[in-house]
Amino acid sequence: MSTSTVAPLVSIRNLSVDIVAAGSAVPAVRNVSFDIMPGDILGIVGESGSGKSVTCRAVLGLLPAAARLSGQILFQGKDLATMAESEMEKIRGRDISMIFQNPSSHLDPIMKIGAQIGEPLRQHQGISASKARAAGIRVLEDVRIAEPERRIDSYPHQLSGGMKQRAMIAAAISCGARLLLADEPTTALDVTVQARILELLKGLKESRQLSIVLVSHDLGVIAQLCNRIMVMRRGEIVEQGETSTIVADPQHEYTRLLIASQPGRRQPAVRSTATHAAPILLAVRNLVVSFPRPAGIRETLTRSDRTFRAVDEVSFEVRSGESLAIVGESGSGKSTIARSIIGLIRPSGGTLHCDGQDVTALTGDALRRFRRSAQMIFQSPYDSLNPRLAVGEAIAEPMIQHGLMTPKAARHRVGELMEMVELSPDLARRRPHELSGGQCQRIGIARALALSPRLLIADEITSALDVTIQAQILDLLRRLRDSQRLTMIYVSHDLAVVRTFCDRVAVMKGGRIVEMGEVSDVLGQPKEAYTQELLASVPKLFGADPVPVEPQHA
Amino acid sequence: MSHLGLSTAVPRARSRGSIEISIGGSLLSAWLFLAIFGPSILGVDPNQIDLVAILQPPHADHWLGTDQLGRDALARILMGARIDILMSVLGVLPPLIIGVVVGLVSGYFGGWIDSILMRLVDITVAFPFLVLVIAIVGMLGPGLDNFFVALALVGWVSYARLIRARGLVLREAEFIQAARGLGYPPLYILFRHVMPKALSPIAVYAMSDAVMVMLAGASLGFVGLGVQPPTPEWGVMIADGQPFVTMGWWICLFPGMAAASLGLGFLLLSDGLAGRLGVRK
């Protein structure tokens, strides 16, 4: 699109933001200049700490009190950077609006959706409550919420995550905003919901002549929606331009790394098929896990079933040396299965035979001994380590507790394990908060390997990590799997990772396995409608299946 | 999971609570020093009755005056510091230890153990704190030992409740789940991983509890169930001096100030710790 004759909607010139803490200033954004054109969907991509969100918030004057801002943010001839707060309030929600990553925490839980959508209308246009309600219903229609007349009287907790994000978008555009700032709007959502929200944003851009700034760490999401991309790193813009140009021909080294790190940009794992004949290590038969449902008065009176089945009659087998992926959206029961296998959750039915033992029948010391053969790596690298223990102690602890080694021998083994996960043993004395997320996840892996397990379960281990780190962790895990001959269960919502990492895949929905088989079969020719929908929702860089590139990269 | 990068860029102010900690800490250590070395430095017998010199205002021989029996007030306050500090430590530690163990077990293991222990807590809190303490001391007989026993029997409930709430939360924490998954024994997890993380609000509460114990001790002394005469204790000194307060302002003022400053020390330390450890009171 040619924008050379059109004046920019917002013009940002030499914007710098410093965060002042304990007397010293940490630069969050450094001397950034760019334009937002009318009708633009500008994507800002970068890793955590790259300054993308800070830039976005600076436009609306929503920076924390510790932030010091310099430079210009020109909007309709005025400089938003120096504007008085009272004037800024008139622009927020009327001309420029913002939506956030987590709709649950940005909607008021004790206010009806209608009141929250009507609020900007009443504040900015001074219209009556009844008119605001009518306008609210129209906006809910615009964001394609079914039954808007009913939903307008709902409270946030009565809506699903996707509907909440739609409601937040509705509140943001209700006054006819020209510019919508979207800060990671789909990060907390499942991939199929994400696809629908992105579709909605695209539609709103057309129907409402809305300009959008989309901030995301996910280049796939950005490439799918945006016509222009701005790549940020360490507070600076490293590259910006048309989406197609940047994706096809990235100039900056960092952009190239970002593209190469996208999951699924790798050759599918070429693995020997010898595992078919290998003995069965884990056999799951008719596994059921139920949780009590909070009972209301009606349920209590009618004595209806007060449990819900997180896992419902699931059966599968894992052969020794094989890697099985369990994929599905949040609430599909995939993590519950993972936790049942190592005995963290007690199933209400079925059997779990691992290494010849029925895990469901094990208690006390027998269960503790079993855990030597099955280990788990957790999603959040920081939360799964005791913040008060040095990471070296955390790795040594399992060996000492299981009586496998003396504390002295364990300390020596810690060094070996840390080298195995490609960390310098010098880091052993650090606490988790002194390490990066990627380093902490390596510690988590080292700790899981300390007991030399036969089965390693990885529960969404890369979803809290930046994409370049994610690629490194997966490479490491791939090497360890081959050198240690590990059997793996890889729990994930990310199909692109599964495609390159696993041999077989089980697709879960609502506590059941809907499809299971070889990765190439299930993801290549999905038979079930749900698998097809899941595959179609994955954001793609080139609008088609990813073209595999050379596995080696920086 | 913020991608804003601001949370990491704003380190918690280093000095938070440090003024309170240093003032409170100095007050407490000053009293500790005075309690240990004060009486021998002064070299005056706190129980030496001198009926010739009763109710004397502060002057060169008796810096803080004398009481109705002619005993030196300064000597009695210094000796009383030993009793009062001992009281606040022995009055806080046993209930703290009982409460922490009960609360941890209750919160972490849950189930029927939790139900039984928490009903016990409910029964105990159904009675007003001081009334129950007085009732128990009344049954066991007056004296400092029985006062400590009574406090241990009554005081643990607040600690148990506080730490049970933390235990409930920590039980679900991912690093505790990870510890379970690694096959550590339950009691090891409880004391090695859960307890250290649960203790910070307890440390803060213990400081303010020390003040409560001092007040309770003074109240008991006042009704004659606490420290027995002639042992000097600040609460008893105030109570004994009360009939003579119109004749000498100094009799109640100085022990009162001593009690207040020691209490202030504990409270400031508690406030400072709360700020430092990020505990909301």
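Each value, and the rule that gives it
- Residues numbered from 1 in each chain as written.
- Chains lettered and ligands numbered in written order.
- Predicted model: local features only at pLDDT ≥ 70, side-chain atom pairs only at ≥ 80, totals over all residues.
- Helix = DSSP H or I, 4+ residues; strand = E, 2+ residues; numbered from the N terminus.
- Rg over C-alpha atoms; globule rule 2.2 N^0.38 Å.
- Buried ≥ 20, exposed ≤ 12 C-beta atoms within 10 Å, placed from the backbone.
- Contact = placed C-beta atoms within 7 Å.
- pLDDT = per-residue confidence, 0-100.
- Core = buried A, V, L, I, M, F, W, Y, C linked by C-beta atoms within 7 Å.
- Pairing = 2+ DSSP bridges.
- Arc of directions from axis to C-beta.
- Axes fitted to C-alpha atoms, helices over the stretch in contact; angles between N-to-C directions.
- Right-handed = clockwise from strand over helix to strand, strands pointing away.
- Parallel < 35°, antiparallel > 145°, perpendicular 65-115°, else oblique.
- Left-handed = near helix turned anticlockwise from the far one by under 90°.
- Nonpolar A, V, L, I, M, F, W, Y, C, P; charged D, E, K, R; others polar.

Chemist: I tried to follow the overall build of chain A on my own but got confused; where do I start?
Modeler: In terms of regular secondary structure, chain A is built from 21 helices and 20 strands. Relative to a compact globule of 554 residues, whose C-alpha radius of gyration would be 24 Å, chain A shows 26 Å and is just as compact. Its C-alpha atoms put chain A at 70 × 60 × 50 Å along the principal axes. When the 554 residues of chain A are sorted by exposure, 45% land in the buried category. Within chain A, counting contacts between residues at least 6 apart in sequence, those at least 24 apart form 68% of the total.

Chemist: Could you clarify how one ought to interpret the overall build of chain B in this entry?
Modeler: Summing up its helical and strand segments, chain B has 10 helices and zero strands in all. The proportion of buried residues among the 281 residues of chain B is 44%. Relative to all contacts within chain B whose residues are 6 or more apart in sequence, the contacts with residues 24 or more apart total 72%.

Chemist: Any chance you could explain the confidence of the model for chain B here in plain terms?
Modeler: As a note on interpretation, predicted positions should not be read in detail where pLDDT is low. All names here are of chain B. With 93% of its residues at a pLDDT of 70 or more, chain B has an overall mean of 81. Highest mean pLDDT in chain B belongs to helix α3 (residues 111-125) (91); lowest belongs to helix α9 (residues 234-241) (78). Confidence drops under a pLDDT of 50 for residues 1-14, and excluding neighbours within four residues, the segment shows 29 contacts in the predicted structure.

Chemist: Sorry if this is basic, but what is going on with the nonpolar core here?
Modeler: Grouped burial of nonpolar side chains is what soluble globular proteins tend to show. By size, the foremost hydrophobic cluster in this structure holds 226 residues, and its most contacted members are L180(A), V213(A), I341(A), I457(A), V498(A) and V505(A). Ranked by residue count, the leading element in this core is helix α2 (residues 73-109) of chain B, at 15 residues. With sequence-adjacent residues up to four places away left out, I341(A) is seen in contact with L282(A), L352(A), C354(A), V359(A), A374(A) and I457(A).

Chemist: Explain the sheet that holds strand β4 (residues 67-75) of chain A to me, please; I cannot follow it from the model alone.
Modeler: Note on sheets: strands pair through backbone hydrogen bonds, and any given pair is parallel or antiparallel. Residue and element names in this part refer to chain A. Spatially, β2-β1-β4-β5 is the arrangement adopted by the four strands of the open sheet, whose pairing is antiparallel. Where the open sheet ends on each side, the last strands, each with one partner, are β2 (24-36) and β5 (78-79). The sheet contact formed by strand β1 (residues 10-21) and β4 spans eight bridges and is antiparallel. Among the inter-strand pairings, S11 is bridged to a residue of β4, identified as L74.

Chemist: What is the right way to read the pairing of strand β3 (residues 41-45) of chain A from this model?
Modeler: On a regular strand, one side chain projects to one face of the sheet and the next to the other, so that they alternate. Residue and element names in this part refer to chain A. For β3, the buried fraction is high: five of the five residues fall into the buried class. Where burial is concerned, the two faces of β3 agree: the one with I41, G43 and V45 and the one with L42 and I44 are both buried. Strand direction decides the pairing type here: β3 and strand β8 (residues 211-216), joined by five bridges, are parallel. Counterpart to I44 in the pairing with β8 is V215. Note: β3 against strand β9 (residues 228-233), four bridges, orientation parallel. Bridging across to β9, L42 finds its partner in R228.

Chemist: I keep staring at helix α11 (residues 253-261) of chain A and nothing clicks. Help me out?
Modeler: Since there are 3.6 residues in each turn of an α-helix, residues three or four apart along the chain are aligned in direction. Residues and elements named next belong to chain A. Every buried residue of α11 is listed here: T255, L258, I259 and S261. When α11 is viewed along its axis, its buried side chains cluster within an angular range of 165° and face the same direction. Where α11 is buried, its residues contact α9 (219-225), β9, β10 (236-242), α10 (243-248) and α18 (467-484).

Chemist: How should the sheet that holds strand β13 (residues 323-327) of chain A be read in this particular structure?
Modeler: All names here are of chain A. An order of β16-β17-β18-β13-β19-β20 is seen for the six strands of this open sheet, with the pairing classed as mixed. Each edge of the sheet is formed by a strand with only one pairing partner; in this case those strands are β16 (374-377) and β20 (512-518). If you compare each strand with its neighbour and ignore which way they point, the axes differ by 15° on average. Alignment of strand β19 (residues 504-509) against β20, held across six bridges, turns out to be antiparallel. Looking at the pairing, A506 lines up with M516 of β20. Packing against the sheet, helix α21 (residues 529-537) makes contact with β19 and β20, and its axis sits at approximately 100° to β19.

Chemist: Help me out: how do you make sense of the pairing of strand β7 (residues 179-183) of chain A in this one?
Modeler: Residues and elements named next belong to chain A. Counted residue by residue, β7 has five buried out of five residues, so it is predominantly covered. Residues L179, L181 and D183 of β7 are buried on one face, and the alternating residues L180 and A182, pointing to the opposite face, are buried as well. Both β7 and β8 contribute to a ladder of five bridges, which runs parallel. Considered in β8, the bridge of A182 is made with L214. Regarding the hand of the β-α-β motif, the stretch spanning β7, helix α8 (residues 191-208) and β8 is right-handed.

Chemist: Hey, could you run me through the packing of helix α7 (residues 161-173) of chain A against α8(A) in this one?
Modeler: Two quantities define a packed helix pair, namely the angle between the axes and the distance from one axis to the other. Residues and elements named next belong to chain A. The N-to-C vectors of α7 and α8 enclose an angle of 20°; their axes lie 10 Å apart at closest approach. Compared by their axis directions, α7 and α8 come out roughly parallel. Here the hand of the crossing between α7 and α8 comes out right-handed. Between α7, through G161, G162, Q165, R166 and I173, and α8, the contact on the second element is made entirely by V193, R196, I197, L200, L204 and R208. Of the residues that constitute the contact of α7 with α8, the class distribution is five nonpolar, three polar and three charged.

Chemist: Got a minute to help me understand the environment of E147(A) in this structure?
Modeler: Residue and element names in this part refer to chain A. Within the element layout of this structure, E147 appears in the loop between α5 (129-142) and α6 (148-151). Residue E147 is classed as exposed on the basis of its 9 C-beta neighbours within 10 Å. For the pair E147 and Q484, spaced 337 residues apart in sequence, the C-alpha to C-alpha distance is 55 Å.

Chemist: Just to check I follow, could you spell out unusual backbone geometry for this structure?
Modeler: Leave glycine aside and you will find that most residues have negative phi; peptide bonds, for their part, are mostly trans. Residue and element names in this part refer to chain A. Phi at E313 takes a positive value of approximately 55°, unusual for a residue other than glycine. By secondary structure assignment, the location of E313 is in strand β12 (residues 307-319). C-beta crowding within 10 Å serves as the criterion here: with 14 such atoms nearby, E313 is assigned to the partly exposed category. Of note, E460 is a non-glycine position whose phi angle comes to about 50°, a positive value. Checked against the element boundaries, E460 lands in the loop between β17 (455-459) and α18. Here E460 falls in the partly exposed class, since 19 other C-beta atoms lie within 10 Å of it.

Chemist: Just to check I follow, could you spell out the environment of G333(A) for this structure?
Modeler: Residues and elements named next belong to chain A. Position of G333 among the secondary structure elements: in the loop between β13 and α13 (334-341). Given 23 C-beta atoms within 10 Å, G333 falls into the buried group. In this structure, the C-alpha to C-alpha distance between G333 and M516, residues 183 residues apart in sequence, is 15 Å. Beyond its immediate stretch of four places on either side in the chain, G333 contacts A310, V311, M508 and G511.

Chemist: Which parts of the structure should I look at to understand the environment of F244(B)?
Modeler: All names here are of chain B. Among the secondary structure elements, F244 is positioned in the loop between α9 and α10 (250-277). A C-alpha to C-alpha distance of 15 Å links F244 and F222, two positions 22 residues apart in sequence. Ignoring sequence-local partners within four residues, the contact set of F244 consists of L55, Q68 and I251.

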